[in-house]
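# Breakdown of the fold
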Amino acid sequence: MNRPRVRRARVVRTPSRPRWPLWPASGVLLLLVGCRPAPPPTTTQPAPSRPAVPRWQWLHPDELQATEALIAVVDRGAVAADAPKRQAFLKTYAAAFAELSEANAPVLPVLQRLWELGMAARRARLSAGEVRRAVGLGKAAVPPAARHATREQPVLGVRLLSPGMVDPAVRRLLRAVKTGEGSYAGFVSRWVRRVVIVEDPAFLSPDLPLKCEGAAEVWSGTVFLTARDPITGQPRPPWKVAAALVHEAEHIRWAYAVAGDDPRLLYKAPDERNAYREMFVFLREVRLSPSGRAGGATEAAAISADMHRWRAVVERANTLLGYPTADLSQRTEALVADEALMTDPMSALPATGAAAP
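From a predicted model like this one, the values you see are computed outputs, not experimental measurements.

### Examining the nonpolar core
Ranked by size, the top nonpolar core spans 96 residues in total, and within it F89, Y93, L174, V196, W219, F224 and F282 carry the most contacts. At 12 residues, the largest contribution of residues to this core is made by helix α7 (residues 238-257). If near-sequence neighbours (up to four positions away) are discounted, F282 is found in contact with L173, L174, V177, Y184, W239, A242, A243 and V246.

What follows is the structure, encoded as structure tokens:
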């Protein structure tokens, strides 16, 4: 097994005044929290016995050492809650998370490390509750308030925003589309604290192509959104940006409000199922409800195509989880074997999806 390469120093370039796209947009990730590849695969892939170990790019040396040590012992079998390697990893995780509260913290580099530590925690099958307690969020009902959420950062190809600074057309659409408890604007604002607009996918990992719409670092309430369509190079339309925000906000909600002390609820199938379900419901309201149409989304055919894809993901997840195939309700049960729970419902889509809604 090749040892991951560690970047011990990075030269940061400071652009004079980068020109950002008109529409903030969505995505960058293949692992763990909320990636949405563009077209679904056309072949069915077998469920993995365990997730692959990511290539760590941003962890500090002590964090990398603790991460590798924990994953090595986890892969050999169960690890006790008080095992030294488990506690060492959680200690480094807590120290990194605490940096976000420091007055002069370099926010974006810290978020890069937290993103990787979050992947490592899931790879090591730690529960949401265990991580929350370790980083000081055991009693938190929502992510903590963000400091410096709008401060410009000297990182080329990236921009840090508060949720209230995304494009007005996106905010208008989120306000127009209603939920059972208000609007999707309220849903996003409850769970999202920072939005990172990403032009260069290497900001998270140079191994990842720019083909996904969003990712999240759940404990800080940070959503990463790619800025442009990878094929056309054009900014994504507001409804796609809004749908990505809804998807990633649901990942954050799931981690805080649902996952608890059962590590299986952070596995791919249940976590992604509910995020895709929420995005599908949002797009259905955009497409079919008077309030959604009033929000200004006029690309009916494109919206319907995405609804078709995301419903197919939910139905594939239902099959993996043992739910009725057409079930579009929120579900929290993890009743099947770990192998099915760990399967990404997007990567295992059959050649033909569900009927268009």
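### Some words on helix α1 (residues 61-74)
Under the 1.5 Å per step criterion, the end-to-end length of α1 is 20 Å for 14 residues, consistent within 8% with the ideal 20 Å. Of all the residues in α1, the buried ones are E63, L64, A66, T67, E68, L70, I71, V73 and V74. Buried residues belonging to α1 abut α2 (84-98) and α3 (107-123).

### Details of the sheet that holds strand β5 (residues 214-217)
As summarised here, the arrangement of the four strands in space is β1-β4-β6-β5, forming an open sheet in which the pairing is mixed. Of all the strands in the sheet, just β1 (158-161) and β5 have a single pairing partner and so form its edges. This sheet shows a mean twist of 20° between the axes of neighbouring strands, independent of strand direction. Sheet topology places β1 next to strand β4 (residues 194-198); four bridges connect them, and they run antiparallel. By the bridge assignment for β4, L160 is matched with V196. Where α3 meets the sheet, it contacts β1, β4, β5 and β6 (222-226), and its direction lies at approximately 95° from that of β4.

### A word on the environment of D229
With respect to the element layout, D229 can be found in the loop between β6 and α7. Among the residues examined, D229 registers a relative accessible area of 25% and is labelled partly exposed. For the pair D229 and E213, spaced 16 residues apart in the sequence, the C-alpha separation amounts to 8.7 Å. If we ignore the near neighbours within four places in the chain, the residues touching D229 are Q234 and R236.

### Focus: the pattern of salt bridges
All chains considered together, the criterion is met by 18 salt bridges. The shortest N-O distance in the salt bridge between K240 and D306 comes to 2.7 Å. With K240 in helix α7 and D306 in helix α10 (residues 300-321), this pair connects stretches of sequence that are 66 residues apart. The burial state of K240 is the same as that of D306; both residues are buried. Residues R253 and E250 are paired through a salt bridge, measuring 2.8 Å at the closest nitrogen-oxygen approach. Residue R253 and its partner E250 are both found in helix α7; the two are separated by three residues, about one turn of the helix. Classification of R253 by relative accessible area gives buried; the value is 14%. Within this structure, E213, K240, D306 and R309 form a network of salt bridges that share partners.

### Some words on the packing of aromatic side chains
Per the counting criterion, the structure on display carries seven aromatic pairs. Centroid distance F89 to Y93: 5.8 Å. Interplanar angle 80°. Geometry classified as edge-to-face. Here the residue F89 and the residue Y93 both occupy positions in helix α2, the gap between them amounting to four residues, near one helical turn. Just as F89 is buried, Y93 falls in that class too. On the basis of an interplanar angle of 40° and a centroid distance of 6.3 Å, the ring pair of W191 and Y256 is categorised as tilted. On the criterion of sequence distance, the pair formed by W191 in helix α6 (residues 184-191) and Y256 in helix α7 is long-range, its members being 65 residues apart. Pair check on accessibility: W191 and Y256 agree, each one buried. Just above the ring of W310 sits the side chain of R309; from NZ or CZ to the centre is 5.8 Å.

### Description of unusual backbone geometry
A positive phi is found at R125, a non-glycine position, where the angle reads about 60°. Along the chain, R125 falls in the loop between α3 and α4 (128-134). Under the relative-accessibility criterion, R125 is labelled partly exposed at 27%.

### So, α3
Over its 17 residues, α3 runs 24 Å from end to end, which matches the ideal 24 Å to within 8%, given 1.5 Å per residue. With respect to burial, α3 is a largely interior element, 16 of its 17 residues being buried. Phi turns positive, to about 60°, at R125, one or two residues after α3.

Cut-offs applied
Residues numbered from 1 in each chain as written. Predicted model: local features only at pLDDT ≥ 70, side-chain atom pairs only at ≥ 80, totals over all residues. Heavy atoms only, no water. Core = buried A, V, L, I, M, F, W, Y, C linked by side-chain atoms within 4.5 Å. Buried < 20%, exposed > 50% of the residue type's maximum accessible area, 1.4 Å probe, protein only. Helix = DSSP H or I, 4+ residues; strand = E, 2+ residues; numbered from the N terminus. Contact = heavy atoms within 4.5 Å. Expected span 1.5 Å × (residues − 1). Pairing = 2+ DSSP bridges. Axes fitted to C-alpha atoms, helices over the stretch in contact; angles between N-to-C directions. Salt bridge = Lys/Arg side-chain N within 4 Å of Asp/Glu carboxyl O. Phe/Tyr/Trp six-rings, centres within 6.5 Å; stacked < 30°, edge-to-face > 60°. Lys NZ or Arg CZ within 6 Å of the ring centre and 35° of its normal.

No statement about biological role is implied by the geometric values presented.
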